[in-house]
Every structure is written in C-alpha cells, then in structure tokens.
Amino acid sequence: LGDGIEPILDAISVCRSLVYLNLRLNVLSGIMGIELCRVLDASVSLTDVDVSSNHLSDDFGRALGMVLATNETLWKVNLTRNPLGVVSGDALLLALKQRNDTIVELGDISEDLLGLGLQNRMLISSCLDANREGLTLKQRPTEVGDFGLHSFKWEIIDDPQDPYGRPPPCEPMLALY
C-alpha cells in the first residue's frame, strides 16, 4: 500500500469496534508511520496491531513511544523486521518504564529487533514480562527498569565427577547467560 494507506488510516481512526489491524508487508515508511501512530493514539478499540516487515524507522519508534505512554488499550504491537534503532529503543523503554503497564508484546525482541540495542532489549523484555504478569507500574520491582547483575541468569558449573572419585581439577565456575 505504501502512501496509498492514508484513506485506510482515516477509516480506521473513526472505527470504534476494530480490535485487530494487520498492516504487515505494506511498505509503510516515513510520514505514513507517523500517521499510523496518530490513528493508534486516537483508537479506543485496537488491541493488536501487526506492522511487521515494513520500513518503519526511528521517527515511527519515537511516535509509538509517545502513543504507548498514553494508550491503555493496546496489548500487542508487532514491530518485527523494521529498521528501528537505539532511538526507538530508548523511546519504547521510557514509555514502558514510566507509563505503560498494558502492552505485553512488541514482536521478536530477542532475535530480530537487534537495532534497539542490547540494554534496551533486555529492559524492554523485563517490562513486558512484568506486564504479562499483570503487575501495575507501582507493583513492579524497582530493578525491572534498571540494568544490573539481576538482569542475567547465573548458574554454578561443576566439573563432572571423576570416575575414580578424585576431586575436580578446578574450582566451580559461574556461567553467565
């Protein structure tokens, strides 16, 4: 659809019963992404939006962050396979840390949206996990929005026992995931 999506967005903005919107593979970019955010901000019924596989950039990411800061209706927005960068990651994280406790999915954060930045992706995932658990912003543990040692999974790795019962040749080690 590309730029031809404007009449569709106008129709969506007045529709009060639409809950799912699939705009996947529609070559959305530039001003159309901003217009889509305008529609999402005005929507009172959309809960699930798929905008994966488009050309939405950081301008869209910033605008979506502002939408998520005020919209309590959206649950899922699939951003997979869009060239979003660290600026988008910062905007989305700010909205999730300070304002939004309803969104539970933003697409494949761990494998695809690498441009958001490692720290942003980890913290966004923590916020989304808290939202999935139904925690309000005030109920979240304080470390959910912060990066630190608690952000990693820690395990002790032991050497396997020697068949002759001898002690392992080295001290137990920590594995970091």
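Structure shown above.
Overview of the structure.

Conventions adopted
Residues numbered from 1 in each chain as written. Predicted model: local features only at pLDDT ≥ 70, side-chain atom pairs only at ≥ 80, totals over all residues. Heavy atoms only, no water. Helix = DSSP H or I, 4+ residues; strand = E, 2+ residues; numbered from the N terminus. Core = buried A, V, L, I, M, F, W, Y, C linked by side-chain atoms within 4.5 Å. Buried < 20%, exposed > 50% of the residue type's maximum accessible area, 1.4 Å probe, protein only. Contact = heavy atoms within 4.5 Å. Axes fitted to C-alpha atoms, helices over the stretch in contact; angles between N-to-C directions. Parallel < 35°, antiparallel > 145°, perpendicular 65-115°, else oblique. Left-handed = near helix turned anticlockwise from the far one by under 90°. Nonpolar A, V, L, I, M, F, W, Y, C, P; charged D, E, K, R; others polar.

A look at unusual backbone geometry
Thought 1: Here the phi dihedral of Ser53 falls at roughly 60°; this positive angle occurs in a residue that is not glycine.
Thought 2: Structurally, Ser53 can be placed in the loop between strand S2 (48-50) and helix H3 (58-70).
Thought 3: Located in the positive-phi region is Arg81, a residue other than glycine, with phi close to 60°.

A look at the environment of Ala130
Thought 1: Tracing the backbone shows Ala130 in helix H5 (residues 118-132).
Thought 2: Sequence separation of Ala130 and Asp101 is 29 residues, and the distance between their C-alpha atoms is 7.9 Å.

Remarks on the nonpolar core
Across soluble globular proteins, nonpolar side chains show a tendency to be buried alongside one another.
Thought 1: Counting 37 residues, the largest nonpolar core has Leu36, Val51, Phe60, Leu64, Leu79, Leu106 and Ile124 as its most contacted members.
Thought 2: Contacts of Phe60, omitting those with residues within four sequence positions, involve Gly33, Ile34, Leu36, Cys37, Val51, Leu79 and Leu84.

A word on the packing of helix H4 (residues 86-98) against H5
Thought 1: As a packed pair, H4 and H5 sit with axes 9 Å apart at the nearest point and diverge in direction by 30°. Comparing their axes, H5 and H4 come out roughly parallel. When the axes of H4 and H5 are compared, the crossing they make is left-handed. Every residue of H5 that contacts H4 at Val86, Gly89, Asp90, Leu92, Leu93, Leu96 and Lys97 is listed here: Asn120, Leu123, Ile124, Cys127, Leu128 and Asn131.
Thought 2: Looking at side-chain class alone, the contact of H4 with H5 contains eight nonpolar, three polar and two charged residues.

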